[in-house]
Amino acid sequence: MPAPLPEVDQAPSYAEVSLRRRWAMLAVGTAAQASSATTVHGPAFLIPVLHDREGMSLAEAGLVAAAPMAGLMFTLVLWGLVVDRRGERFALMTGMSGVVAGGLAAVLVDGPWQVAAALFFAGACSAATNAASGRIVVGWFPPERRGLAMGIRQCAQPLGVGLGALTMAFLADAHGIAAALWVPLVAAAVALVLVVLLVIDPPRPPATERAGAPNPYRADRYLARIHSTSMLLVVPQFVVWTFGLTWLVDELGWAAGFAGIVVAGTQLLGAVGRIGAGHLSDLVRSRTRPMQWIAWAAAATMLALGVAAAGSGPVVVAIAVALLVVASTVTVADNGLAYAAVAERAGAFWSGRALGIQNTGQYVVAAAVPPVAGAAITAWGYGVAFGLAAGFGLVAAAVVPVAGERPLT
């Protein structure tokens, strides 16, 4: 068992914690974030059972599935404040304990609306992992390794969603909703144990300096422009994520199972893309320049996809499918870079809230993309909708504050 851990203001110095322990904490933070993703996104895989067996309309089943996401969005900034005031370890232990409690309630209660209420609470508590696990990376990894570490941490979302996709739909169909909800509950419980055993708060200035810590949003528009860049790049990302499978099935006539395998594969490629982008930012000693390159690449890929999707013929279709795979990889590659950039600029006493704001903006845009893009597809077709998404990448490339970035220290 590790020795008793100090309070946040008596945290050990960077030199006192081994490289092995730092990588272990990165793994734990990634696991916590992945369990959060399973908690928040996994209930979407319960919709068929809620609709077919529980007698709920698709809209009602969608509300149940969206309950943890709603809880998450309401509490992201609040948990960021907790991280700023009490530290990463406290936030992770408290938040993951709440996820376990909410998940257990969801398993035990009877009725879909009671399940939705429990999932809302679990989602609200899961928001603790968003800021705290990101801060662990920034606090325990030097600038020349921070981009790579954050890219690994950002793989948590596709891993968590993948866990839910592989298990929850099958368990719900075979054994019922309660059986499926054991998956995020067990994942959160395992992550909580690992947090208790391994996570140490990274060193930070004494709490007496908190009152004098300047508000980074008042100094310049750097953070606001990073937030805006990320929100703009969410549009092409979620257009592809939301409608890629539907395009393959409805427009190209693919079998749903095969199309699902292709889309699942793009999630894995997206995870690899996040790691690669983070490593690249370490090599070039900049977070914003690779973000700008990714924005240009996203715009070019989405525009090419739009042109190809509007065409016909086997060669054009093959090119369009290949571009869909590339777009699914490119459009998510900026996430870790933005996280690192926000945390590095905001500082020890503001980065929790800044990361909460970063996530909230992304989730708000992500919630708006499906209905708006769906209307565009209905009116003009997939090709035009994909092409229009390219414009958001171009605007993002112009907004990213390359000139305002400071040297990485």
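Rules and cut-offs
- Residues numbered from 1 in each chain as written.
- Predicted model: local features only at pLDDT ≥ 70, side-chain atom pairs only at ≥ 80, totals over all residues.
- Heavy atoms only, no water.
- Phe/Tyr/Trp six-rings, centres within 6.5 Å; stacked < 30°, edge-to-face > 60°.
- Helix = DSSP H or I, 4+ residues; strand = E, 2+ residues; numbered from the N terminus.
- Buried < 20%, exposed > 50% of the residue type's maximum accessible area, 1.4 Å probe, protein only.
- Lys NZ or Arg CZ within 6 Å of the ring centre and 35° of its normal.
- Polar contact = N/O pair within 3.5 Å; in protein donor to acceptor, adjacent residues only side chain to side chain.
- Contact = heavy atoms within 4.5 Å.
- Core = buried A, V, L, I, M, F, W, Y, C linked by side-chain atoms within 4.5 Å.
- Expected span 1.5 Å × (residues − 1).
- Bend = angle between axes of the 7 residues up to and from the residue.

**Structural notes on the packing of aromatic side chains**
Given two aromatic rings, one states the distance between the centres and the angle between the planes to describe the pair.
Then comes step 1: Using the criterion set out here, one finds five aromatic pairs in the structure.
Then comes step 2: Ring centres of Trp23 and Phe141 lie 5.1 Å apart, and the angle between their planes is 80 degrees; this geometry places the pair in the edge-to-face category. Here the residue Trp23 occupies a position in helix 1 (residues 19–41), and Phe141 occupies one in the loop between helix 6 (128–140) and helix 7 (143–153), the gap between them amounting to 118 residues.
Then comes step 3: Trp23 sits in the partly exposed class, given a relative accessible area of 32%.
Then comes step 4: Classification of Phe141 as buried rests on a relative accessible area of 3%.
Then comes step 5: Here the aromatic rings of Trp247 and Phe386 are separated by 6.0 Å at their centres, their planes lie at 85 degrees, and the arrangement is edge-to-face. With Trp247 in helix 11 (residues 222–251) and Phe386 in helix 17 (residues 382–399), this pair connects stretches of sequence that are 139 residues apart. Judged on exposure class, the residue Trp247 and its partner Phe386 are both buried.
Then comes step 6: In this structure an aromatic cluster arises from ring pairing among Trp247, Tyr382 and Phe386.
Then comes step 7: The aromatic ring of Phe90 is capped on one face by Arg86, whose charged end is 4.1 Å from the ring centroid.

**Thoughts on the side chain of Thr129**
Then comes step 1: In this fold, Thr129 is placed in helix 6.
Then comes step 2: In terms of polar contacts, Thr129 uses its side chain to reach the side chain of Gln33, at 3.2 Å.
Then comes step 3: Other than its neighbours up to four places away in sequence, Thr129 contacts Ala32, Gln33, Ser36, Leu92, Met96, Gly134 and Arg153.

**Examining the nonpolar core**
Then comes step 1: Counting 59 residues, the largest nonpolar core has Leu92, Trp140 and Ile226 as the members making the most contacts within it.
Then comes step 2: Among the elements that line this core, the one with the most residues is helix 15 (residues 335–346), at eight residues.
Then comes step 3: In contact with Ile226, other than residues within four places in its own chain, are Thr288, Met291, Ala338, Ala341, Val342, Gln358 and Pro401.
Then comes step 4: The next biggest cluster of nonpolar side chains, apart from the first, holds 30 residues, and it includes Val234, Ala259, Leu323 and Leu324.

**Here's the deal with helix 8 (residues 156–175)**
Then comes step 1: Taking 1.5 Å per residue as the helical rise, helix 8 with its 20 residues ought to reach 28 Å, and the 27 Å between its terminal C-alpha atoms agrees with that figure.
Then comes step 2: Of all the bends in helix 8, the greatest, near 30 degrees, is centred on Ala165.
Then comes step 3: Those residues of helix 8 that sit buried are Ala156, Gln157, Pro158, Gly160, Gly164, Met168 and Ala172.
Then comes step 4: With its phi angle positive at about 105 degrees, Gly176 sits one or two positions after the end of helix 8.

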